[in-house]
Amino acid sequence: MNFITEPFQYAFIQRAVLAAVITGVLCACLGTFVVLRRMSVVGHALTHSALPGMVAAYLLGGSIFIGAAAATMITAFGIGFLSKDDKVYEDTSVGMVPTVMFALGVLLISAGKSYRDLSAMLFGNILGITSGDLKLIALITGATLLMLAFFYKELKLLCIDPDYAKAIGIPLHMLRYGLLLFLALTVVVGIQSVGTVLTNALLVVPAATARLLTDRLGTVMLLAGVFAVLSVLAGVFVSYYFSLSSGAAIVLACALIFVCVWLARAAKVKFY
Amino acid sequence: MKFSYCRHRHSSPDPKAPALEIKGLIAGYPGEDRPALNGVNLSVPVGASLALVGANGAGKSTLFKVISGLLPAQAGTVRIFGHHLGACHQQVVYLPQRSEIDWHFPMSVLELVLTGRYVYLGWFTRPQKKDSDIALESMAQLGIADLGLKQIGKLSGGQQQRVLIARALAQNADLLLLDEPLNAVDARTRDTVERVLEGIKAAGKTVLVATHHYCGQEEGRYDGAIYLKDGEQIK
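Residues numbered from 1 in each chain as written. Chains lettered and ligands numbered in written order. Predicted model: local features only at pLDDT ≥ 70, side-chain atom pairs only at ≥ 80, totals over all residues. Heavy atoms only, no water.

**Remarks on the overall build of chain A**
So, point 1. Within chain A, the regular secondary structure consists of 13 helices and zero strands.
So, point 2. Moving toward the C terminus, one meets the helices and strands of chain A in the order α-α-α-α-α-α-α-α-α-α-α-α-α.
So, point 3. Its C-alpha atoms give chain A a radius of gyration of 19 Å, within 12% of the compact-globule value 19 Å for 272 residues.
So, point 4. A principal-axis box enclosing the C-alpha atoms of chain A has dimensions of 60 × 55 × 35 Å.
So, point 5. Per-residue burial over chain A gives 51% buried out of 272 residues.
So, point 6. Taking all contacts inside chain A whose residues are at least 6 apart in sequence as the whole, residues at least 24 apart take part in 76%.
So, point 7. Roughly 12100 Å² of accessible area belongs to chain A as shown, and the carbon and sulfur atoms make up 72% of that amount. (Helix = DSSP H or I, 4+ residues; strand = E, 2+ residues; numbered from the N terminus. Rg over C-alpha atoms; globule rule 2.2 N^0.38 Å. Buried < 20%, exposed > 50% of the residue type's maximum accessible area, 1.4 Å probe, protein only. Contact = heavy atoms within 4.5 Å. Areas by Shrake-Rupley, 256 points an atom, 1.4 Å probe, with all protein chains shown as cover.)

As structure tokens, this is what we get:
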């Protein structure tokens, strides 16, 4: 028991655990729609595109969060804008824009000759979360959950039958851009925990795991939240006790839960 | 307070206007050189039941997509109950082909049928008991009242078709655009759908049914037929 309670004597661990729970809930709820709307690749693209904004903000002495948010939003809208051109397929713009943004980030790092915080940007450091970061994470999470609650039924229809949604007058472009905007903000929240490279896993894997277990949307979100929070907490403790990368530990915990659930489900199908 | 999806106020049907009036319609898909519809002219009176006949690729689905506002017209005019496109969202319902729905989405049959009520609910309003009652009544007409809690991913092809028609009925629209409603369905579903179509017609609603099979028994079911070939109206 002491193994679990001992780290909580430190304020940075308390902040990390709180951030873990909030981030887990956020990624699970939005990630459910990302998975069900087949947007995992877009999520992957956005996570990689945050790097130049973070590096630029770091070099200019500004907020890394705001830099990341600006870069991911530029990417989200860039993908949406380019995809409107008939000659540029959507998967082409999804493949192109984030790669260019990532290259720009690497260029800025090499130009600034500052490799010190590169690891934290790429792979996250949940133990390094400040009170200010925590407030921003809570704010973004609150706004995203409100958005999901307000537009829940329209988002469901967008996933299952976008043509019908459009036919009854729902402005699909607005809904799609809204989803991309909040996806970009969620990526920013996830970056502090698992970094730019691994955030997409936190969005996608818990929701994909939950989907294996249930056919009910609400339950998918709930289970995804449980899996995400457990994974992030596992990352906090592994990082604390073994001084390992928290981001990598979180993603591997997500993957471990997925594999266990997948195997259990496969065994159930085989024997029953 | 209601927040409609549509920027314009929903217009009531003009009693003197035909249900559907199309003049010189040209429409196509982005990136394609040749229009999918070229010079279509139609006037469908209120209460008529017409078959839209043509082979695959003739332009039947494209015509429905233009009428339901999914695809913009490149030229020509489309008026529904005397109003321009978009003013009558509640009065028009488009039944898509089954393949256009994501049947793997975690949703129950009742939830899917309830989406037919969304156009009346608008933003921020959840379906009420009245909406559930209407959805359940539509499902009962299609013989799927007992499937309400079943997940849509576990339905057979015939059940999927009946669920989509139940959603169309739940919208209570006056102009129904049904894209191949009898395509690849079992005999039981075919009988049920035919009975429901007769009921829709008896209720004075206007129905356009896209089909590539129109002969013998089919001819007696409709007031007439519109023929399309390679995007052009041939009769």
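Next, the rest of the story.
**Some points on the overall build of chain B**
So, point 1. If you tally the helices and strands in chain B, you get seven helices and ten strands.
So, point 2. Along the first, second and third principal axes, the C-alpha set of chain B runs to 45 × 45 × 40 Å.
So, point 3. Of all 235 residues assigned to chain B, the portion counted as buried reaches 53%.
So, point 4. Summarising the internal contacts of chain B: among those between residues at least 6 apart in sequence, 76% fall at separations of at least 24.
So, point 5. Computing the positive centroid from 26 side-chain charges and the negative centroid from 23, chain B places the two 5 Å apart. (Lys, Arg positive; Asp, Glu negative; His and termini not counted. Charge placed at Lys NZ, Arg CZ, Asp CG, Glu CD.)

**Details of the environment of V194 of chain A**
All names here are of chain A.
So, point 1. Inspection of the secondary structure assignment puts V194 in helix α11 (residues 172-213).
So, point 2. Owing to a relative accessible area of 0%, V194 belongs among the buried residues under this scheme.
So, point 3. On a C-alpha basis, the gap between V194 and L122 in space is 7.9 Å, while along the polypeptide they are 72 residues apart.
So, point 4. Beyond its immediate sequence surroundings of up to four residues, V194 is in contact with L122, F123, G124, T199, L202, G247, I250 and V251.

**Focus: the confidence of the model for chain A**
So, point 1. Averaged over all residues, the pLDDT of chain A equals 87, while 96% of them reach at least 70.
So, point 2. Mean pLDDT across the elements of chain A ranges from a minimum in helix α7 (residues 118-123) of chain A, with 74, to a maximum in helix α9 (residues 152-160) of chain A, with 95. (pLDDT = per-residue confidence, 0-100.)

**Quick look at the interface of chain A and chain B**
So, point 1. With 28 residues of chain A at the contact, the number on the chain B side is 38 residues.
So, point 2. Together, K153, I160 and Y164 of chain A form the three largest contributors to the area buried by chain A at its contact with chain B, with a combined 25%.
So, point 3. Counting across the chain A and chain B interface gives four salt bridges.
So, point 4. Between D102 of chain B and R38 of chain A there is a salt bridge whose closest N-O contact spans 3.1 Å.
So, point 5. For the pair chain A and chain B, the interface holds 14 residue pairs in polar contact (both at pLDDT 80 or more).
So, point 6. Elements with a contribution of two residues or more to the side of chain A that touches chain B: α8 (131-150), α9, α10 (162-167) and α11 of chain A. (Buried area = accessible area lost by both parts, 1.4 Å probe. Salt bridge = Lys/Arg side-chain N within 4 Å of Asp/Glu carboxyl O. Polar contact = N/O pair within 3.5 Å; in protein donor to acceptor, adjacent residues only side chain to side chain.)

**Description of the nonpolar core**
The tendency in soluble globular proteins is for nonpolar side chains to be buried side by side.
So, point 1. Within the largest apolar cluster, 130 residues are counted, with the highest numbers of intra-cluster contacts made by I126, L155, I170 and L183 of chain A.
So, point 2. Considering each element in turn, this core owes the most residues, 21 residues, to α11 of chain A.
So, point 3. Not counting chain neighbours up to four residues away, the residues in contact with L155 of chain A comprise F33, M147, L148, L175 and L179 of chain A.
So, point 4. By size, the runner-up hydrophobic cluster in this structure holds 31 residues, among which are A27, L37, Y94 and L177 of chain B. (Core = buried A, V, L, I, M, F, W, Y, C linked by side-chain atoms within 4.5 Å.)

**Some details on helix α6 (residues 187-202) of chain B**
Residues and elements named next belong to chain B.
So, point 1. Taking 1.5 Å of rise per residue, 16 residues should cover 22 Å, and α6 covers 23 Å from first to last C-alpha, within 8% of that figure.
So, point 2. Taken as a whole, α6 has its buried residues at T189, T192, V193, E194, V196, L197 and I200.
So, point 3. One side-chain oxygen at the N-terminal end of α6 lies 3.2 Å from the backbone nitrogen of R188; it belongs to D186.
So, point 4. G204 occupies a position one or two residues after α6 and carries a positive phi of about 85°. (Expected span 1.5 Å × (residues − 1).)

**Quick word on the sheet that holds strand β9 (residues 224-229) of chain B**
So, point 1. Across the sheet, six strands lie side by side as β6-β7-β8-β3-β9-β10 (chain B); this open sheet has mixed pairing. The open sheet has two edge strands, β6 (92-95) and β10 (232-233) of chain B, and neither has a second partner. (Pairing = 2+ DSSP bridges.)

**Overview of the packing of helix α4 (residues 129-141) of chain B against helix α5 (residues 157-171) of chain B**
Residues and elements named next belong to chain B.
So, point 1. Where α4 contacts α5, the two axes come as close as 8 Å, and the packing angle between them is 135°. What the angle tells us is that α4 and α5 run oblique. The way α4 lies across α5 gives a crossing that is right-handed. On α5, the residues touching I134, A135, S138, M139 and Q141 of α4 are A166, L169 and A170.
So, point 2. Class assignment of the residues belonging to the contact of α4 with α5 gives a composition of six nonpolar, two polar and no charged. (Axes fitted to C-alpha atoms, helices over the stretch in contact; angles between N-to-C directions. Parallel < 35°, antiparallel > 145°, perpendicular 65-115°, else oblique. Left-handed = near helix turned anticlockwise from the far one by under 90°. Nonpolar A, V, L, I, M, F, W, Y, C, P; charged D, E, K, R; others polar.)

**Focus on the pattern of salt bridges**
So, point 1. Counted under the stated rule, the structure contains twelve salt bridges over all chains.
So, point 2. Linking K153 of chain A and E154 of chain A is a salt bridge whose minimum nitrogen-to-oxygen distance equals 2.8 Å. Comparing K153 of chain A with E154 of chain A, the two get one shared label, buried.
So, point 3. One salt bridge connects D174 of chain B with K205 of chain B, and the closest N-O pair in it is separated by 3.6 Å. Taken together, the residues D174 of chain B in the loop between α5 and β7 (175-179) and K205 of chain B in the loop between α6 and β8 (206-211) connect sequence positions 31 residues apart.
So, point 4. Taking relative accessible area as the criterion, K205 of chain B reaches 16% and is therefore assigned buried.
So, point 5. A network of salt bridges, in which partner residues are shared, links R211 and D215 of chain A together with K154 of chain B.

**Some remarks on a nonpolar patch on the surface**
So, point 1. Together, L146 and F150 of chain A together with M1, F3 and F124 of chain B give the surface a local cluster of nonpolar side chains, amounting to about 590 Å² of exposed area.
So, point 2. Here F150 of chain A lies in helix α8.
So, point 3. Classification of F150 of chain A by relative accessible area gives partly exposed; the value is 44%. (Patch = residues over 30% accessible without salt bridge, like charges linked within 9 Å, V, L, I, M, F, W, Y side chains within 5 Å.)

**Some words on the packing of α11 of chain A against helix α13 (residues 246-271) of chain A**
Residue and element names in this part refer to chain A.
So, point 1. Remark: α11 packs on α13, axes separated minimally by 9 Å, with the N-to-C direction vectors making an angle of 15°. The angle between the axes of α11 and α13 places the two elements in the roughly parallel class. Judged by the sense of rotation from one axis to the other, the crossing of α11 with α13 is left-handed. Taking contact as the criterion, the partners of S193, V194, L198, A201, L202, V205, P206, A208, T209, L212 and L213 in α11 are, on α13, S246, G247, A248, I250, V251, C254, A255, I257, F258, V261, W262 and R265.
So, point 2. Residues that form the contact of α11 with α13 fall into these classes: 18 nonpolar, four polar and one charged.

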